[in-house]
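Survey of secondary and tertiary structure
So you can see what is in the structure, the chains are spelled out below.
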Amino acid sequence: MEEIPAGFGKGSKPPRTVTNALVGTTVLLRCNPTGIPKPSIMWERGSLVILSGGRFRILPNGNLEIKNVTTLDSSLYTCVVTNRLGRASRSGRLKVHST
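Residues numbered from 1 in each chain as written. Predicted model: local features only at pLDDT ≥ 70, side-chain atom pairs only at ≥ 80, totals over all residues. Heavy atoms only, no water.

As a further point, take the environment of Pro15. By secondary structure assignment, the location of Pro15 is in the loop between β1 (4-7) and β2 (18-22). Sequence separation between Pro15 and Arg93 is 78 residues, and the spatial gap between their C-alpha atoms is 8.5 Å. Leave out the neighbours within four places in its chain, and Pro15 touches Arg30, Trp43, Cys79, Arg90, Ser91 and Gly92. (Helix = DSSP H or I, 4+ residues; strand = E, 2+ residues; numbered from the N terminus. Contact = heavy atoms within 4.5 Å.)

So, in C-alpha cells, the structure goes:
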C-alpha cells in the first residue's frame, strides 16, 4: 500500500478561512486531512492545545465542535495533522457575534 504524508491534498477539507457564529450556538470547524497511514489530529487555539472535553469536542473525523460559543471563543484555530511521513497545518478564524 502506498504511503502518503499527512496533509491537505485532493479530497481534504481544511478549516474555512473565516467562520462566523452567533453567541450561544454550536460551531463546527472542519479538519478532514489526507494521509496514509491515517494522520493524528490536534487542534490549537492561538498557541494553546485544545483538549476534547466540556464545550470542546474533537470528533472522530477530525472536526472541532464548540458548543454554546461566546465572544471569548473568537480566535484563530489551527488543525495540526501528523503521521510518520510528515506534518501539516491549516488555520481558520472563528468570529463570534452577539447579534
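For the rest of this paragraph, the subject is the sheet that holds strand β7 (residues 56-58). Neighbouring strands of a sheet are bound in pairs by backbone hydrogen bonds; such pairs are parallel or else antiparallel. As summarised here, the arrangement of the 3 strands in space is β3-β8-β7, forming an open sheet in which the pairing is antiparallel. Since the sheet does not close on itself, it has two edges, and those belong to β3 (27-29) and β7, each with one partner. Strand-to-strand, the axes of this sheet are offset by a mean angle of 20°, without reference to chain direction. Direction of pairing for β3 relative to strand β8 (residues 64-66): antiparallel, over a ladder of 3 bridges. When the sheet's bridge partners are listed, Leu28 is paired in β8 with Glu65. (Pairing = 2+ DSSP bridges. Axes fitted to C-alpha atoms, helices over the stretch in contact; angles between N-to-C directions.)

With that out of the way, let us pick up the side chain of Asp73. The topology assignment puts Asp73 in the loop between β8 and β9 (75-83). Here the side chain of Asp73 touches Arg55 through a polar contact of 2.9 Å, side chain to side chain. In this view, Asp73 contacts Arg45, Arg55, Phe56, Ile66, Asn68, Leu94 and Val96; residues no more than four positions away in its chain are not counted. (Polar contact = N/O pair within 3.5 Å; in protein donor to acceptor, adjacent residues only side chain to side chain.)

Turning our eyes to something else, we now look at the pattern of salt bridges. It is possible for side chains bearing opposite charge to pair when their charged atoms get close. Applying the stated rule across the entire model yields 3 salt bridges. Across the salt bridge formed by Arg55 and Asp73, the nearest N and O atoms sit 2.9 Å from each other. On the criterion of sequence distance, the pair formed by Arg55 in the loop between β6 (48-50) and β7 and Asp73 in the loop between β8 and β9 is long-range, its members being 18 residues apart. A residue is classified by how much of its surface remains accessible, and Arg55, at 30% relative accessible area, is partly exposed. Here Asp73 falls in the buried class, since its relative accessible area comes to 2%. Close ionic contact of Arg57 with Glu65 constitutes a salt bridge, the shortest N to O distance being 3.3 Å. For Arg57, a relative accessible area of 42% puts it in the partly exposed group. (Salt bridge = Lys/Arg side-chain N within 4 Å of Asp/Glu carboxyl O. Buried < 20%, exposed > 50% of the residue type's maximum accessible area, 1.4 Å probe, protein only.)

Once that is clear, we can look at the nonpolar core. Among the nonpolar cores identified, the biggest contains 18 residues, and Leu29, Trp43, Leu64, Ile66, Tyr77, Val81 and Leu94 are the most heavily contacted of them. Of all the elements in the fold, those that place two or more residues in this core are β3, β8, β9 and β10 (86-97). When sequence neighbours within four positions are dropped, the list of residues in contact with Val81 reads Ala6, Gly7, Phe8, Cys31, Pro33, Pro39, Ser40, Ile41, Gly86, Arg87 and Ala88. (Core = buried A, V, L, I, M, F, W, Y, C linked by side-chain atoms within 4.5 Å.)

The values are spatial; any link to function lies outside them.
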